Every structure is written in C-alpha cells, then in structure tokens.
Amino acid sequence: MRADALLLLGCVRIATARQMAQVITAEDRDGRSYVRRAMKELAELGLAETNGKDGKHQIWNLPVAGQKALAARNELPPRPKAGTATKAVNAGFGPHGVAVTDTILAYTDTVLSGGHEYLADWQVEVNHAIKETGLSFNTDAVLAVPTQTSEVRLFRAEV
C-alpha cells in the first residue's frame, strides 16, 4: 500500500486519502482508513507530508526525500523539474491540485477504462514554451496517450 501511494503521488503530486483509495484499494471507507495509516507511516519516515486541507480532507504530497525514494525504484520516467507541491499547497492551491487529480482519475476511469497502469503516463503542471514565437503556457495535466500515434492530450481543471 505504501509503495502504491508513493507511486501515485509521484504521478499526480497532490492527492487526498479518498483519491488514493480510489486507485489503490477496491474498498470505499475501509480503503481510506488503510491509506491514512499508510500515509502516516510514510510521513513518520519523512517520505510523505501533509500541509494543507481540501475541506476536511488532508492533502498529501511527496517531499524531496519521497521523490528520491521513488526515483531510486525506477518506476517513473525521470522528471527532473518535478516540484514537491509543498509550495503550491502552502500558497492555497491545494484544492486546485486536488481538482487536477480528480480530473486525471476521472479520465483514467472513464476514457482509459480504469487503466491505472496509465497513471505513469501523466505529467502535471507542464510548461509549453514555443521559442520561435515566445509563447509560453502551462497546462494542469498532460497525458501521453498510449497509442501507435503517440498522441498527447492537454487538460485544464477547474475548482
């Protein structure tokens, strides 16, 4: 459970126990209690942290130590500029991050037919810079759709 929680947070950066239970367990309320215990253990090890809430739900993310532990396992493609999300939560953007995670999970569950193996194909808060025009914009999430055409889809989540 802890390894799955680390991997999910490495993919989406910010998640609540409800969101993690949706992916990691097949249970509803019981799944959240399992995830909460796992997150508490990860926090005690310094591999996860919570520093904000979305309503009454704690928002979890990986500190640098958690990102390094995940990178050491080689389960995600390298993401050298991936932030820890700590600053975003502290700045009040936690609910937006939770909405981005909800968007990713909803798309994964519906369009990708629950293909949670595709979660590693998502990247969040991606900057798109076009040097020739000087245009630069950010998208909340990008999915490299696992197809023969290597299609890319851009997402914007609203709170």
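You'll find the structure just up there.
How each quantity is defined
Every chain is numbered independently, its residues counted from 1 as its sequence is written. This being a predicted model, a pLDDT of at least 70 is required before a residue's local features are given, and a value of 80 or more before pairs of side-chain atoms are given or counted; all residues contribute to the totals for chains, interfaces and linings. Side-chain numbers come from the whole structure's heavy atoms, not from hydrogens or water. Strands pair, by our definition, only if DSSP identifies at least two bridges between them. The way it works is that DSSP assigns letters per residue, a run of H or I at least four long becomes a helix, a run of E at least two long becomes a strand, and they are numbered from the N terminus. Helix axes are fitted only over the stretch in contact, all axes being lines through C-alpha atoms; the angle between N-to-C directions runs from 0 to 180 degrees. Pairs of residues are marked as contacts when any of their non-hydrogen atoms sit within 4.5 Å. Throughout, the term roughly parallel applies to angles under 35 degrees, roughly antiparallel to angles over 145, roughly perpendicular to angles from 65 to 115, and oblique to all others. In this scheme, a crossing is called left-handed if the near helix is turned counterclockwise away from the far one by less than a right angle; it is called right-handed if the turn is clockwise. Throughout, exposure labels follow a simple rule: accessible area from a 1.4 Å probe, protein chains only, divided by the maximum for the residue type, with under 20% read as buried, over 50% as exposed, and the rest as partly exposed.

### Focus on the pairing of strand 4 (residues 135-144)
Pairing of strand 3 (residues 122-130) with strand 4 involves eight bridges; the strand directions are antiparallel. Of the residues in strand 4, the one forming a bridge with Asn127 is Asn138. Where strand 3 hands over to strand 4, the hairpin turn is made up of four residues, of which Gly134 adopts a positive phi near 80 degrees.

### As for the sheet that holds strand 3
One open sheet accounts for three strands, arranged 3-4-5; its pairing is antiparallel. At either margin of the open sheet sits one strand with a lone partner, and together these are strand 3 and strand 5 (152-155). If you compare each strand with its neighbour and ignore which way they point, the axes differ by 50 degrees on average. The sheet contact formed by strand 4 and strand 5 spans four bridges and is antiparallel. Its bridge partner being in strand 5, Ala144 is matched across the sheet by Val152. Here helix 6 (residues 94-110) sits on the sheet in contact with strand 3, strand 4 and strand 5, set at roughly 105 degrees to strand 3.

### Quick notes on the packing of helix 2 (residues 17-24) against helix 6
The N-to-C vectors of helix 2 and helix 6 enclose an angle of 20 degrees; their axes lie 11 Å apart at closest approach. On the basis of the axis angle, helix 2 is roughly parallel to helix 6. When the axes of helix 2 and helix 6 are compared, the crossing they make is left-handed. Note on element contacts: helix 6 touches helix 2 through Val98, Thr101, Asp102, Leu105 and Asp109, opposite Arg18, Gln19, Gln22 and Val23.

### Focus: the side chain of Thr101
Looking at the element boundaries, Thr101 is found in helix 6. When residues no more than four places from it in sequence are discounted, the contact partners of Thr101 are Val12, Ile14, Ala15 and Gln19.

### A few points about the environment of Leu47
By the element assignment, Leu47 lies in the loop between helix 3 (29-44) and strand 1 (49-54). On the basis of relative accessible area, Leu47 is assigned to the buried category, the value being 18%. Placed 16 residues apart in sequence, Leu47 and Pro63 show a C-alpha to C-alpha distance of 6.3 Å. For Leu47, the contacting residues outside a window of four places in its chain are Leu6, Leu42, Leu62, Pro63, Ala65, Gly66 and Ala69.

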